[in-house]
Amino acid sequence: EVASRCPPSHGETESSGKFARLRREIERVTRERAQLEGEHSLEISLIKKSKDCEIAKLQKELDEARAQLKAQVEKVDVATRTLAEVESAKDALNNELEKTREGMDMLDA
């Protein structure tokens, strides 16, 4: 009873002041942490968006390169077929020429 009626001693006042400062410091650190976590989350989302954009850009470039490669392969295939046809025609003409020579040689003989 006597202790409850007596004003707090200097040590008790100093102690409660320290606790109040600690509470304020904890609140400040908690706010700062929440702010930093929010900023970090925003940075992560921006990086992810940037990465997704870069991936989309690279995918587009890859698709274009594949289309160009396909077109070039088709051109090579056409050139290969044309060359085969020309060689076949050349062989046929050489055979025809040889027959003509043989025929002329027979006529000369």
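Shown above is the structure to which this text applies.
Residues numbered from 1 in each chain as written. Predicted model: local features only at pLDDT ≥ 70, side-chain atom pairs only at ≥ 80, totals over all residues. Heavy atoms only, no water.

### Points about the overall build of the protein chain
Helix and strand counts for the protein chain come out as two helices and zero strands. A buried classification covers 0% of the 109 residues belonging to the protein chain. Of the roughly 10,300 Å² of accessible surface on the protein chain, a fraction of 59% belongs to carbon and sulfur atoms. (Helix = DSSP H or I, 4+ residues; strand = E, 2+ residues; numbered from the N terminus. Buried < 20%, exposed > 50% of the residue type's maximum accessible area, 1.4 Å probe, protein only. Areas by Shrake-Rupley, 256 points an atom, 1.4 Å probe, with all protein chains shown as cover.)

### Here's the deal with the pattern of salt bridges
For the coordinates displayed, the defined rule picks out four salt bridges. The residue Arg28 makes a salt bridge to Glu32 at a minimum N-O spacing of 3.0 Å. You can see Arg28 and its partner Glu32 sitting in helix α2 (residues 10-108), four residues apart, about one turn around the helix. Using a relative accessible area of 40% as the deciding quantity, one classes Glu32 as partly exposed. The residue Asp52 makes a salt bridge to Lys48 at a minimum N-O spacing of 3.2 Å. (Salt bridge = Lys/Arg side-chain N within 4 Å of Asp/Glu carboxyl O.)

### Some remarks on a nonpolar patch on the surface
On the surface, a nonpolar cluster with roughly 320 Å² of combined accessible area is contributed by Phe19, Leu22 and Ile26. Along the polypeptide, Leu22 turns up in helix α2. (Patch = residues over 30% accessible without salt bridge, like charges linked within 9 Å, V, L, I, M, F, W, Y side chains within 5 Å.)

### Here we look at a negative patch on the surface
On the surface, Glu54, Glu61, Asp63 and Glu64 cluster together to form a negatively charged patch. Assignment of secondary structure puts Glu64 in helix α2. The class for Glu64 is partly exposed, based on a relative accessible area of 41%. (Lys, Arg positive; Asp, Glu negative; His and termini not counted. Charge placed at Lys NZ, Arg CZ, Asp CG, Glu CD.)

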